[in-house]
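Letter by letter, the chains look like this.
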Amino acid sequence: MRQLFEYHPVIGYRFIPGVKARVPHEGGGYLMRANGSGFRCRHEFTPTKAPGVQRILLFGDSFTAGEGVSDGQRYGDRLETMIPGIEVFNFGLPGTGTDQHYLAYQEYAAGLEYDALVLGVLVENILRVKARYRIYQNDQGDEVIYAKPYFELDHGRLVLRQSPPPRKPLTEAELPPEERESVDRGGRYHTLRRVVKRLGLRDLAQRLTHYQPYPEYNDPMDPAWLVMQAILTQWIGGQDRPVLLVPIPFYQYVEQTSDPAAYQERFREVAAATGCSLHDPLPDLWRHSQEARRGFRFTRDPHLTAAGHQALAESLAPALSRLLEGVEAGG
Amino acid sequence: MSATVLGLSAFYHDSAAALVQDGEIIAAAQEERFSRKKHDPRFPARALNYCLEEGFLDPAELDAIVFYDNPLLTWDRVLKNCLQAGESAWEQFNQACRSVLGIKVWVRDYIRAALGSLGRADRVLFTEHHLAHAASAFYPSPFEAAAILTLDGVGEWETTTLGLGRDRTLELSQVIHYPHSLGLLYSAFTYFCGFKVNSGEYKLMGLAPYGEPRYYRTIRDHLIDVKPDGSFRLNLDYFGYLDSNYMTNAAFHDLFGGPPRQPESFITRRERDLAASVQQVLEEVVVLLARHLKRETGAPNLVMAGGVALNCVANGKLWREGIFEGLWVQPASGDAGGALGAALLGAHIYLDQPRRRNPNGRDGQKGSYLGPAYQPAEVIAFLERHQYPYERISDGEVRLRRIAQAIAEGKVVGYFAGRMEFGPRALGARSILGDARNPEMQSRMNLKIKFRESFRPFAPSVLAEEAGNYFDLDVESPYMLLVAPVREARRLPVDAAAYAQAEDLRTIINQARSDIPAVTHVDYSARVQTVHPADNPDYHGLLRAFKDLTGCGVIINTSFNVRGEPIVCSPQDAYRCFRRTQMDLLVLEDCLLWQQDQPPFADTEDWKTAYELD
C-alpha cells in the first residue's frame, strides 16, 4: 500500500503531489490521483480559467475527496458531467475538519480565478473542528495520534493554534494527560461503538436509541459550534463571489435513525447571517427508497458509494446551476 | 477495437497478476513483493490491485480476466495419480483435495471479492498452464515466428511442450506428460541436496560448477531414459512424488549413497558432484529437445518458458550450440509468468488483438521493468515522515557519478530506481551493487549483506556495448538468463591441485579467477546481464559513470533482499533491508542515504527467523 499523504505545515497534511494509487477497499478498491498541489483533483490548480469555463472551488473532507470510489464517480466529478461548461477544483482532503479546509483555501485557492465556492461540510466535521489531535493508522497499521492545526475563539476572534503542527506522531501514552479529551475519536462512546460495530449491531442500536451523534449542534452557544460558526462566517464573509453552503448528512440522517433538526437549524443560521446560499440535500435524499439510501454507503465503511455520490450530485446540480446563473463565464 | 486483459496465476507457487492493453504489456508483478512472503502462492490480490493501479483502470473496464491454468484438469491428474498409486498416496490425496477443491475451483469468487466485478464480460476465462507459459515466451519475444519449448515440474498433465508460434497464433504440437518431468527430476536432486523444492533449484545450479559429473552415468542408467529426439521417461521406482510427500524414496537414497543432506548442514563432495551430474543431464536433454524442435519446425528462433528455462547455465549451453539464430527466454519463466501468458492469450487468441512487435527490433517485455515505481515526491514523503537523513541530488549525471564513486571505493550500494522487475532477477531497479574487481566483495556481500551460503556467485551487469570485452557472449542477455564464459584474457591461473582435493568449498571460493573476481564463478563462467540504454537508461548511465571512473564496465548486481526475503518493492522495504544489513549507501530514486548518518533502527521483527530458507 502506497503512502498517500505527506506533512503540510499549514493544513497538517495533504496528498503527496502527483501520487497515483489504487486503494484496496471493501467496495473492490478505487483509483485516485493527486494533482501537483497535493489534492485529489483531476485538474491542476492553474490560476487562470479557460475561456467560457465556470470554475467551482469545492472544499470538504473524505466525502468530497471520494474515499471508497474512483475519481470520476465523486459528486464533484458528477457535477461536471451534469452542468455543461463547469470545472470543479476539488480540494477535498480526507480526515480533515472545516478549520483545515479554510486553511487550505487560504494556502492554495485565494489567488485562483473562480466563479463560485462550494463548502461541502460533512456534519461530523464539527468533531474535527473541536479536536486538536486525530487518530490515524501508520504504515505498520498501528494507531498513532497526529496533531492538527485548530482555531480557538479569543474574544470572538479566531486565533490559529498548533500551527505548524508537530510532524512526529504520538502514541496514546505520549499524549499529555490534559490533551486526552482533545483527540477526535470519531464521536462519543468510543469503546461502546467499537463493540457494537464488531457485533454487527450498529444500525439496530442507533435506531433503537435514537442516537444523536453530534450533540454539539443542539445548542447555538456550544463552544464547538461557535468555532465552526466563526470559521464559516469569516470564510464566507470574505467572499465577493457566490457561496453555496452544503451540510453533507452522515448516514444516520440519510437513513433517518437520527434527527437532523439541530444541525439543519445551525446551518440555516449561518446562511442567514452571511447571506450565502444554503443547499440541504437531505430532503432530496429522503425521496429515495430506504433500500436505495442504504446503498448510498458501503456495507461497513460509512463513506458514500458511487450511488451515494450520484444522488448527492443530482441534489446539488440544480442549486449550483441557479447559483451560477448570472455569473458570467470568465475568460 | 481496444482490449484490456488481466491475467492471473495463483495457488501453486509465485502467484502473480499481469495487465495487457491492446497487446502491449502494461504491468506485471508477483504477489510476494507486496505480501513480503517469498513465493507467495495465495490469491494475488495485491498484485492485481497494482496492475489496475498502473493501468488506472476500474475492474469494470476489463474486457477479459484470464486464469493461467485449468483447475479441473489439475484435479483430474491428481485424482488419477492417487488412484493409480493406491493406498500409499492417501496422505497426498488428502492434501490435494484440500488444495484443489478448497481453493482452486473458487477462482471466480476470489476475483469478485477482490475487485467487486468480473469485468465487462462478467466471467473468468481459464487457459492451460503450458499454453500460458508458451504465450509468455512467444508473444513478448522479438520474433515474428519461433519454435517454442516449455519445461517445468508439472502443469495440469503436461511437463514439457513443443510447438511453434507465428504472428499471433500458437500451436503446441508435442507434449510429455506427468509424471515424466525434467523439472521434477531436477527438483528431486534439489531436495536430496538439502535445498527447498520450487525455490532452491538455482542453488543447485550454482553448486554444480564445484563438482564433477561423477553420477551422470548413474542418473542416465537408472533414473531417466532419454531418446535421440530429447523425449524422456523417468524410472518412477526412484521417486517419491507419486505416492508420498517426498521427492525421492529409499531406492533413490540407496543409489546415491545414503539419505538426503540436511538443510544448512555442511555441503560435501557428494552434493557438489550430484549437482554437476544432474545439471549435465538437464543440459543434454534441453539441447536434444531444441535440435528436435529445429528439425520439426524449421523455425530460425527459439523461445522458452517454464521453471526449467530459468536454468541459465543450460540456456547458455544451448545458445553456444548454435542450433537457432535467436533465443529468447521469458524472464518470469516460473508460474508468475503464467499470469502474463494468460493475459496475452486473452488479448491475442480470445479477443483477436494483433500482436504488437517493438519497431526497434527489441522485445516487448520492456526490460521486464513492469512493476511499481515510486516518484521522487513519494520517496521524499516517506523519508520526511520518518525523519531519515538523506541528500537529494536531482541532477542525474552528478548523482550517478557519486554512486559510481562509492562503488569504486568498495562501498555496497542498495539501488532502488524506477519500476520494479517482474521475475526472479533484479535487473538494476531493485539491486544491491558492488565492485566486481574487488576480490573481497563476494564474501563480504554474501556474509554481511545477504546472510547466505558463500558458494553462490554474484552476477555481473555489464554495458551491453562492452559485453564482448569481458565475456564470450555474442548476444544480448538483458534478463540475466544466459551464462557465458569470462574471456580467456581476463582469467587468472588457479591452484588446480588444491581445487581437486578440496572438501571445503571455501578453499575454492576464495581463489580469485579473473580481474573481475567477484562475478567469476569457479568454472570461469558468469551469469551475465547486458544493460542496454533502451531498456534502462538510468542503470546504463550508472555503469557508464563507473566505466568512466575506473575503466571497468562491469559491476556486481545482486537482488535487493536478504536471504529468504522477497526482493524489495517499496521505499519502506528498501530502507528496512538497508538497515538490517551492512550496506553502506542506499539510493532511493534521487535521494542518497548513508548508513552512518541514520538514526538507531528499531526492528519490529526477528527477520532472520521470519524468512524461510530456500
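Residues numbered from 1 in each chain as written. Chains lettered and ligands numbered in written order. Predicted model: local features only at pLDDT ≥ 70, side-chain atom pairs only at ≥ 80, totals over all residues.

**Examining the overall build of chain B**
Secondary structure summary: chain B contains 22 helices and 21 strands in total. In terms of C-alpha radius of gyration, chain B reaches 23 Å, essentially the compact-globule figure of 25 Å for 614 residues. Taken over the C-alpha atoms alone, chain B extends approximately 65 × 65 × 50 Å along its principal axes. Considering chain B as a whole, with its 614 residues, one finds that 56% of them fall into the buried category. (Helix = DSSP H or I, 4+ residues; strand = E, 2+ residues; numbered from the N terminus. Rg over C-alpha atoms; globule rule 2.2 N^0.38 Å. Buried ≥ 20, exposed ≤ 12 C-beta atoms within 10 Å, placed from the backbone.)

**Brief notes about the interface of chain A and chain B**
Note: interface size is frequently given as the accessible area lost on complex formation between the parts. In this complex, chain A contributes 19 residues to the contact, which on the side of chain B involves 18 residues. Mapped by element, the contributors of at least two residues to the side of chain A that touches chain B are β1 (5–8) and β3 (20–23) of chain A. Its residues assigned to classes, the side of chain A that touches chain B shows seven nonpolar, seven polar and five charged. (Contact = placed C-beta atoms within 7 Å. Nonpolar A, V, L, I, M, F, W, Y, C, P; charged D, E, K, R; others polar.)

**Structural notes on the nonpolar core**
Residues and elements named next belong to chain B. Grouped together as the largest cluster of nonpolar side chains are 279 residues, with contacts concentrated most on Ala18, Ala28, Ala29, Cys51, Ala339, Ala343 and Val413. No other element matches the eleven residues that helix α11 (residues 269–297) contributes to this core. Residues within four places of Ala339 in sequence aside, it is in contact with Gly7, Leu8, Ser9, Ala16, Ala17, Ala18, Ala28 and Tyr68. (Core = buried A, V, L, I, M, F, W, Y, C linked by C-beta atoms within 7 Å.)

**Brief notes about the domain arrangement of chain B**
All names here are of chain B. By the assigned domains, chain B splits into domain 1 (4–137 + 334–363), domain 2 (175–327) and domain 3 (376–610). Placing a centre on the C-alpha atoms of domain 1 and another on those of domain 2 gives a separation of 27 Å. At the interface, 15 residues of domain 1 touch 13 residues of domain 2. For the side of domain 1 that touches domain 2, the leading source of residues is helix α6 (residues 129–138), giving four residues. Looking at the side of domain 1 that touches domain 2 residue by residue, the class counts come to four nonpolar, nine polar and two charged. (Domains from an automatic or database assignment.)

**Some words on the pairing of strand β8 (residues 169–177) of chain B**
All names here are of chain B. Across eight bridges, strand β7 (residues 158–166) lies against β8 in antiparallel orientation. Each bridged residue has a counterpart across the sheet, and for Thr160 the counterpart in β8 is Ile176. The hairpin formed by β7 and β8 contains two residues between the paired strands, and Asp167 there has a positive phi angle of roughly 50 degrees. (Pairing = 2+ DSSP bridges.)

**Re the environment of B:Tyr238**
Residues and elements named next belong to chain B. Looking at the secondary structure, you find Tyr238 in the loop between β10 (232–234) and α10 (250–255). You can call Tyr238 buried: it has 21 C-beta atoms within 10 Å. When the C-alpha positions of Tyr238 and Leu255 are compared, they lie 8.7 Å apart, and in sequence the two are 17 residues distant.

**What to know about the sheet that holds strand β16 (residues 459–463) of chain B**
Residues and elements named next belong to chain B. Strand order in the open sheet made by the nine strands is β13-β21-β20-β14-β15-β19-β16-β18-β17, with mixed pairing throughout. Unpaired on one side and paired on the other, β13 (391–392) and β17 (482–485) mark the two borders of the sheet. Where strand β15 (residues 430–434) and strand β19 (residues 554–559) come together, four bridges link them in antiparallel fashion. Each bridged residue has a counterpart across the sheet, and for Ile432 the counterpart in β19 is Thr558. Across the sheet, helix α12 (residues 312–321) touches β17 and β18 (525–531), and the angle it forms with β17 is around 65 degrees. Those strands touched by helix α15 (residues 396–408) are β14 (413–416), β15, β19, β20 (585–588) and β21 (591–594), and its axis lies near 150 degrees from that of β14. (Axes fitted to C-alpha atoms, helices over the stretch in contact; angles between N-to-C directions.)

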